[in-house]
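# Coordinates in review
Each chain, letter by letter, is given below.
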Amino acid sequence: QYLFDRTLSLSRSLILNMSDEKKTPDLPAWIVPALKQVSMGSIMGFCTGAFAKKLGEKVAYAVGGLFVLIQLAAYNGYLNVNWKKMERDAIAAVDVDGDGKITEVDIKHYWGRLVTFLTFQLPSASGFLPGLYYGLKWA
């Protein structure tokens, strides 16, 4: 009974606070800018995640196809590929701390640079990362 009375009371107060022109409840003035900023960041994050997911799939297909072609040529004697040297050179190119391995420090460094780049001058970055996550997961 208490819950019903409380819901009825809340509904009445919302109806009484509606403006005649809008027929919607008035929101507190402080929440409107926050909602705009969070939704802007969230939408941009979701769109960026969707883009990254689709682009990542295409890049993975291209890299995988290139690898198969190189292996096919190497297997048939047309190429001799030094995969160990390629691995050393690739790791050296992205290794921030110089330990010869890709570690958590390296990943955190590049993740921080990516987030800084993607949220540069964004009105509110608070919703960007959740939006990015959902864009990568569900787009």
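Residues numbered from 1 in each chain as written. Predicted model: local features only at pLDDT ≥ 70, side-chain atom pairs only at ≥ 80, totals over all residues. Heavy atoms only, no water.

### Re the overall build of the protein
Tallying secondary structure elements over the protein gives five helices and zero strands in all. For the protein, the N- to C-terminal ordering of α and β elements is α-α-α-α-α. Here the protein holds 139 residues, and 12% of them are scored as buried. A separation threshold of at least 6 residues defines the contact pool for the protein, and within that pool the share at least 24 residues apart is 51%. Here the protein has roughly 11,200 Å² of accessible surface; of this, 67% comes from carbon and sulfur atoms. (Helix = DSSP H or I, 4+ residues; strand = E, 2+ residues; numbered from the N terminus. Buried < 20%, exposed > 50% of the residue type's maximum accessible area, 1.4 Å probe, protein only. Contact = heavy atoms within 4.5 Å. Areas by Shrake-Rupley, 256 points an atom, 1.4 Å probe, with all protein chains shown as cover.)

### Regarding the pattern of salt bridges
For the structure on display, the rule yields two salt bridges. Note that aspartate 89 is salt-bridged to lysine 85, the shortest N-O span being 3.1 Å. Residue aspartate 89 and its partner lysine 85 are located together in helix α3 (residues 83–94), separated by four residues, close to a single helical turn. According to the relative accessible area criterion, aspartate 89 is partly exposed, its value standing at 43%. Taking the relative accessible area as the measure of exposure, lysine 85 reaches 40% and is therefore partly exposed. Between glutamate 104 and lysine 108 there is a salt bridge; the shortest N-O distance is 3.1 Å. Of this pair, glutamate 104 and lysine 108 both sit in helix α4 (residues 104–118), four residues apart, which is roughly one turn of that helix. Accessibility expressed as a relative area gives 55% for lysine 108, which makes it exposed. (Salt bridge = Lys/Arg side-chain N within 4 Å of Asp/Glu carboxyl O.)

### Description of helix α5 (residues 128–138)
Every α-helix carries 3.6 residues per turn, so stepping three or four residues along brings you back to the same face. Every buried residue of α5 is listed here: Phe128, Gly131, Leu132 and Gly135. An end-on view of α5 places all buried positions within 105 degrees of arc, on one side of the element. (Arc of directions from axis to C-beta.)

### Topic: the side chain of aspartate 95
With respect to the helices and strands, aspartate 95 occurs in the loop between α3 and α4. Nearest to the buried, unbridged aspartate 95 among oppositely charged side chains is lysine 101, at 9.5 Å. One polar contact links the side chain of aspartate 95 to the main-chain amide nitrogen of glycine 100, over a distance of 2.7 Å. (Lys, Arg positive; Asp, Glu negative; His and termini not counted. Polar contact = N/O pair within 3.5 Å; in protein donor to acceptor, adjacent residues only side chain to side chain.)

### Here's the deal with a nonpolar patch on the surface
On the surface, Val94, Val96, Ile102, Ile107 and Tyr110 cluster together into a nonpolar patch covering about 420 Å² of accessible area. Take valine 94: it is sitting in helix α3. (Patch = residues over 30% accessible without salt bridge, like charges linked within 9 Å, V, L, I, M, F, W, Y side chains within 5 Å.)

### Some remarks on the environment of isoleucine 102
Turning to its location among the elements, isoleucine 102 is positioned in the loop between α3 and α4. Linking isoleucine 102 and alanine 92, residues 10 residues apart in sequence, is a C-alpha distance of 9.0 Å. Excluding its chain neighbours within four sequence positions, the residues that come into contact with isoleucine 102 are Ile91, Val94 and Ile107.

### Considering the environment of alanine 139
Turning to its location among the elements, alanine 139 is positioned in the segment after α5. It is 7.6 Å that separates the C-alpha atoms of alanine 139 and lysine 53, two residues lying 86 residues apart in sequence. In this view, alanine 139 contacts Phe46, Ala50, Lys53, Lys54 and Tyr134; residues no more than four positions away in its chain are not counted.

Take it as geometry only, folks, not as evidence of what the structure does.
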